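Inside the fold
One letter stands for each residue in the lines below.
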Amino acid sequence: MSAIEFDDVHVHFGAGASRFHAVKGVSLSIPQGSIMGLVGESGSGKSTLARAAVGLVEASSGRILVDGVDVVGARGETARLRRRIQMIFQDPSSCLDPRMTIGESIGEALRAAERRDRTPKRGRAARTQEVERLLHAVSLGADRADSYPSVLSGGQRQRVAIARALAAGPSVLLADEITSALDVSVQGAVLNLLLELQRELGFTMLFVSHNLAVVRYVCDQVAVMRHGELVESGPVLDVIDNPQHQYTRELMAAIPQLGEPMFR
Ligand SMILES: Nc1ncnc2c1ncn2[C@@H]1O[C@H](COP(=O)(O)OP(=O)(O)OP(=O)(O)O)[C@@H](O)[C@H]1O
């Protein structure tokens, strides 16, 4: 498993007069195996920072290091390191092809990982077995392999998205608002599943969320962004219970009550 570090990362969108500075020199280090929450108001640059790590947006400058190796603009062996960073999105449909069955979709992610790692291609039976193991890992029955995404609930689709990410053998997982589109009754199950998998597999995680109660439940560290800048970071309970920055205090005050853990 890998540590990930953002070192003075800047991201701009657009050009000329409409050039917009979305991420302004963010430096953030997530130790191997820990879960860092990333919070801040809408538009503060959280998703953009996460997307820069997987190359979905281009960092204008700065370094993104996986185990100390800069993966920005990486090629060859280093690009392989970057593909060990997997991202899960708010809307699971965005990563599921509606024309593919769930089994085909997970199988495709397995094949991509084989190509990346240059490991021998699994035979059909071995692939089916691995798809079933991954479905089981995310608490879906093996019979789901033949279903299409359209017949699944939002929570089930998000489980499939997690299974696809796991198929890639991630060393770092970026979770961007992964439960905010789900019904509250399903959110807890998906979060608990993710926590169990993280404990079992030990991947490092960046967990982007608006919900501070969820962040407190899931994360051991938290970073706060505002207007593209990092304003504060530290152990989750320290930051939530004793925020140092005025903006973090305002963010906490906006939450009606941070009561006991939500989903236990
Ligand atoms: N592809 C893009 N082109 C232009 N501007 C963009 C693009 N993606 C994001 N932005 C802008 O960058 C800023 C940061 O967006 P980002 O999605 O990272 O914020 P966020 O903190 O994740 O917000 P939210 O919590 O609402 O998802 C916003 O002003 C957004 O409009």
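Everything numeric here is computed off the predicted structure, so don't read it as measured data.

Thresholds, definitions, all that
Residues numbered from 1 in each chain as written. Predicted model: local features only at pLDDT ≥ 70, side-chain atom pairs only at ≥ 80, totals over all residues. UniProt positions renumbered as here; feature names shortened; annotations may be inferred. Helix = DSSP H or I, 4+ residues; strand = E, 2+ residues; numbered from the N terminus. Pairing = 2+ DSSP bridges. Axes fitted to C-alpha atoms, helices over the stretch in contact; angles between N-to-C directions. Parallel < 35°, antiparallel > 145°, perpendicular 65-115°, else oblique. Left-handed = near helix turned anticlockwise from the far one by under 90°. Contact = placed C-beta atoms within 7 Å. Nonpolar A, V, L, I, M, F, W, Y, C, P; charged D, E, K, R; others polar. Buried ≥ 20, exposed ≤ 12 C-beta atoms within 10 Å, placed from the backbone. Near = placed C-beta within 6 Å. Expected span 1.5 Å × (residues − 1). Arc of directions from axis to C-beta.

1. Topic: the UniProt feature "domain: ABC transporter" (unreviewed entry) in the protein chain
- The positions that UniProt labels "domain: ABC transporter" (unreviewed entry) are, in the present scheme, residues 4-252.
- Segment residues 4-252 splits into 39% helix and 24% strand. End C-alpha atoms: 27 Å apart.

2. Here's the deal with the pairing of strand β1 (residues 4-13)
- Where β1 lies against strand β2 (residues 20-30), eight bridges are found, and the strand directions are antiparallel. Each bridged residue has a counterpart across the sheet, and for Phe-6 the counterpart in β2 is Leu-28.
- Between the end of β1 and the start of β2, which pair antiparallel, lie six residues, with Gly-14 showing a positive phi angle near 75°.
- Pairing of β1 with strand β4 (residues 61-66) involves five bridges; the strand directions are antiparallel. Of the residues in β4, the one forming a bridge with Ile-4 is Val-66.

3. Description of the packing of helix α3 (residues 102-117) against helix α5 (residues 154-167)
- Their axes nearest at 8 Å, the elements α3 and α5 cross at an angle of 20°. The angle between the axes of α3 and α5 places the two elements in the roughly parallel class. Taken as a pair, α3 and α5 cross one another with a handedness that is right-handed. Of the residues in α5, those in contact with Ile-102, Ser-105, Ile-106, Ala-109, Leu-110 and Ala-113 of α3 are Val-160, Ala-163, Arg-164 and Ala-167.
- Residues belonging to the contact of α3 with α5 are distributed by class as follows: eight nonpolar, one polar and one charged.

4. What to know about the environment of Tyr-247
- One can find Tyr-247 in helix α9 (residues 246-253).
- Residue classification places Tyr-247 among the partly exposed positions, given that 18 C-beta atoms sit within 10 Å.
- In contact with Tyr-247, other than residues within four places in its own chain, are Val-224, Arg-226 and Val-231.

5. Points about the site of the ligand
- In the vicinity of the ligand, 13 residues are found, and the nearest of them are Phe-13, Ala-22, Ser-42, Ser-47 and Thr-48.
- At the level of elements, β2 and α1 (46-54) are the ones that each hand at least two residues to the shell around the ligand.
- When residues in the shell around the ligand are grouped by element, the largest group, three residues, is from α1.
- Per-class residue counts for the shell around the ligand are three nonpolar, nine polar and one charged.

6. Section: the packing of helix α4 (residues 124-137) against α5
- Put simply, α4 and α5 touch, their axes get as near as 9 Å, and they point 130° apart. Accordingly, the angle class assigned to the pair α4 and α5 is oblique. Note on packing geometry: the crossing formed by α4 with α5 is right-handed. Judged by residue contacts, Leu-134, Leu-135 and Ala-137 of α4 engage Ala-163, Leu-166 and Ala-167 from α5.
- Residue composition of the contact of α4 with α5, grouped by class: six nonpolar, no polar and no charged.

7. What about α4?
- In a regular helix each residue adds 1.5 Å, so 14 residues correspond to 20 Å; α4 covers 20 Å between its end C-alpha atoms and thus fits that length.
- Of all the positions in α4, only Val-131, Leu-134 and Leu-135 are classed as buried. Buried residues along α4 cover an arc of 100° about the axis, so they all sit on one side. The exposed set on the far side of α4, more than 90 degrees from its buried face, consists of Ala-125, Ala-126 and His-136.
- Those residues of α4 hidden inside the fold are in contact with α3 and α5.
- After α4 finishes, the residue Ser-139 shows a positive phi value of roughly 60°.

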